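Summary of structural features
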Amino acid sequence: MEACAENNIELLILDRPNPNGTIIDGPVLDTNYKSFVGMHPIPIAHGMTIAEYAQMINGEGWLKNRYSAS
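**Structural notes on the overall build of the protein chain**
Within the protein chain one finds two helices and two strands. Listed N to C, the secondary structure of the protein chain is α-β-β-α in terms of helices and strands. The C-alpha extent of the protein chain, read off along each of the three principal axes, is 35 × 30 × 20 Å. Within the protein chain, the fraction of its 70 residues that count as buried is 20%. For the protein chain, the proportion of contacts with a sequence separation of at least 24, taken over those separated by at least 6, is 44%. Carbon together with sulfur atoms contributes 54% to the accessible area of the protein chain, which is approximately 5400 Å² in total. Separation between the mean location of the 4 positive side-chain charges and that of the 8 negative ones in the protein chain comes to 6 Å.

As structure tokens, then:
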């Protein structure tokens, strides 16, 4: 998402239903320990599809330099 936003390239996410979409559980990431594996403060079982998660990343401004992917 960051690379697309930085280079003004449109991003297409092919989504599918989340079979565990009703389950929201687990600890939320402590941002002091964020890494490539855990980047954002969301629960381990977040109940979102990958497209919903991408919209959340955009909406919360979590991309580097406050970029927005489209």
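Structure shown, so let's carry the discussion forward.
**Re the side chain of T49**
For T49, the location among the structural elements is in the loop between β2 (43-45) and α2 (50-60). Of the polar contacts made by the side chain of T49, one reaches the side chain of D15; its length is 2.7 Å. With residues near it in sequence (within four places) discarded, T49 still touches D15, R16, P17 and N18.

**Topic: α2**
Along an α-helix, residues three or four positions apart point the same way, because every turn accommodates 3.6 residues. Burial in α2 covers these residues: A51, Y53, A54 and I57. Buried residues along α2 cover an arc of 160° about the axis, so they all sit on one side. In α2, those exposed residues whose orientation departs by more than 90 degrees from the buried face are Q55 and G59. Phi turns positive one or two residues past the end of α2, at G61, with a value near 70°.

**Description of the nonpolar core**
With seven residues, the main nonpolar core is built from A5, I42, M48, Y53, I57, L63 and A69. Apart from residues lying up to four places away in sequence, L63 is in contact with M1, E2, A5, I57, N58, S68 and A69.

How each quantity is defined
Residues numbered from 1 in each chain as written. Predicted model: local features only at pLDDT ≥ 70, side-chain atom pairs only at ≥ 80, totals over all residues. Heavy atoms only, no water. Helix = DSSP H or I, 4+ residues; strand = E, 2+ residues; numbered from the N terminus. Buried < 20%, exposed > 50% of the residue type's maximum accessible area, 1.4 Å probe, protein only. Contact = heavy atoms within 4.5 Å. Areas by Shrake-Rupley, 256 points an atom, 1.4 Å probe, with all protein chains shown as cover. Lys, Arg positive; Asp, Glu negative; His and termini not counted. Charge placed at Lys NZ, Arg CZ, Asp CG, Glu CD. Polar contact = N/O pair within 3.5 Å; in protein donor to acceptor, adjacent residues only side chain to side chain. Arc of directions from axis to C-beta. Core = buried A, V, L, I, M, F, W, Y, C linked by side-chain atoms within 4.5 Å.

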